[in-house]
Amino acid sequence: MDCLFCKIINQEIPASIVYQDDKVIAFNDINPQAPFHALVIPRKHIPTLNDIADEDRELVGHMLQVAGKIAQEQGFASDGYRTVFNCNTHGGQTVYHIHLHLLGGKPMGWPPYQDQLKTPV
Ligand code: AMP
Ligand code: ZN
C-alpha cells in the first residue's frame, strides 16, 4: 500500500513515536505547528473520516482517548490543547490515512483560518 502513514506503521519510514498499542500509534509531526504536535493514527488504513465504518467507532474513540492521555503525560491537559481531524481538500487533508492532530503547549487561535471563509456561517 502506497501510504505514508502505513509505511510509518510498518517501520519503512522512521518516526518519533510518543505512544503505541495494538490499535494505534502516535508520533511527532514533522512540521510542528505548536510546541507539542503529534499525530494519533489507527494501525488500520482508513483514508478519510468519510470512510469510518460502524465497526471503526470504538477505534476512533480510542484515538481520542489516547490523545487525552498523551496530553496528560505531556503536562498540558489542564491548560488545554487542540485536537483536529482534517478531511479532504477543503479540510486541508494531505495524507489520506486518518490522523488526529494533537497540538499543545501554547494557546491556540480560533477560528483556524484567516481569510478563506467564502460563505457566512
Ligand atoms: P493533514 O494536512 O491534516 O493531512 O496532516 C498531515 C500531517 O502529516 C502534516 O501536519 C504533516 O506535517 C505531517 N507529516 C507529513 N509527513 C510526515 C512524516 N514523515 N512524519 C511525521 N509527520 C508527517
Ligand atoms: Zn495507510
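As a starting point, this report considers the structure included with it. Within every chain, residues take consecutive numbers counted from 1 along the sequence as written. Going through the entries in the order they are written, you letter the chains from A and number the ligands from 1. The predicted nature of this model means local features are confined to residues of pLDDT at least 70 and side-chain atom pairs, given and counted, to a pLDDT of 80 or more, with totals for whole chains, interfaces and linings taken over all residues. Where side-chain values are given, they derive from all heavy atoms of the structure, hydrogens and water being excluded.

Once that is clear, we can look at the overall build of the chain. Numbering of helices and strands runs from the N terminus, with a helix taken as a DSSP run of H or I at least four residues long and a strand as a DSSP run of E at least two residues long. Each helix and strand in the chain was counted, giving three helices and five strands. Reading the helices (α) and strands (β) of the chain from amino to carboxyl end gives α-β-β-β-α-β-α-β. Exposure categories follow from relative accessible area, calculated using a 1.4 Å probe and restricted to protein chains: below 20% of the type maximum is buried, above 50% is exposed, and the middle band is partly exposed. By the burial criterion, 36% of the 121 residues in the chain qualify as buried. A contact between two residues is defined here by any heavy atoms of the two lying within 4.5 Å. Contacts in the chain between residues far apart in sequence, at least 24 positions, make up 54% of those at least 6 positions apart. Carbon together with sulfur atoms contributes 50% to the accessible area of the chain, which is approximately 7800 Å² in total. The chain carries 9 positive and 13 negative side-chain charges, and their two centres are separated by 3 Å. Each accessible area is a Shrake-Rupley result for a 1.4 Å probe, and residues are judged covered by the shown protein chains and nothing else. Charged-residue counts in this description rest on Lys and Arg as positive and Asp and Glu as negative, His and the chain ends being excluded. To locate a charge, take atom NZ for lysine, CZ for arginine, CG for aspartate or CD for glutamate.

Those protein atoms acting as donors to the zinc ion (ligand 2) are Cys3 (SG), Cys6 (SG), His45 (ND1) and His97 (ND1), and they sit at 2.0 to 2.3 Å. Counted as donors are the N, O and S atoms within 2.8 Å of the metal, or 3.2 Å for Na, K and Ca, while water is not among the atoms, so some sites may look incomplete. Along the chain, the residues that donate to the zinc ion (ligand 2) are spaced as C-x2-C-x38-H-x51-H. With a gap of 94 residues between them, Cys3 in the segment before helix H1 (4-9) and His97 in the loop between helix H3 (88-91) and strand E5 (100-104) connect regions that are remote in the sequence. Accessibility expressed as a relative area gives 5% for Cys3, which makes it buried. Judged by its relative accessible area of 0%, His97 falls in the buried class.

This paragraph deals with the sheet that holds strand E2 (residues 24-28). At least two DSSP bridges between two strands are required for those strands to pair. On the basis of which strands lie adjacent, the open sheet formed by five strands has the order E1-E2-E3-E5-E4 and antiparallel pairing. Both edges of this open sheet fall to strand E1 (17-20) and strand E4 (81-84), since each of them pairs with a single strand only. Across the sheet, the mean angle from the axis of one strand to that of its neighbour is 20°, orientation sign disregarded. Strand direction decides the pairing type here: E4 and E5, joined by four bridges, are antiparallel. Along E5, the bridge assignment pairs Arg82 with Leu103. Helix axes are fitted only over the stretch in contact, all axes being lines through C-alpha atoms; the angle between N-to-C directions runs from 0 to 180 degrees.

Next up on the list: the packing of aromatic side chains. The relative placement of two aromatic rings is captured by the distance of their centres and the angle of their planes. Ring pairs shown here join Phe, Tyr and Trp side chains whose ring centres sit within 6.5 Å, with only the six-membered ring taken for Trp; geometry is labelled stacked below 30 degrees between planes, edge-to-face above 60, and tilted in between. Counted under the stated rule, the structure contains three aromatic pairs. Both rings, one in Phe5 and one in Phe27, keep their centres 5.4 Å apart while their planes meet at 75°; by these two values the pair is edge-to-face. Taken together, the residues span a long stretch of sequence, with Phe5 in helix H1 and Phe27 in strand E2 at a distance of 22 residues. Phe27 gets classed as buried once you look at its relative accessible area, which sits at 3%. Members of the aromatic cluster, joined through ring pairs, are Phe36, Phe76 and Tyr81.

Honestly, it's all geometry; don't read function into it.
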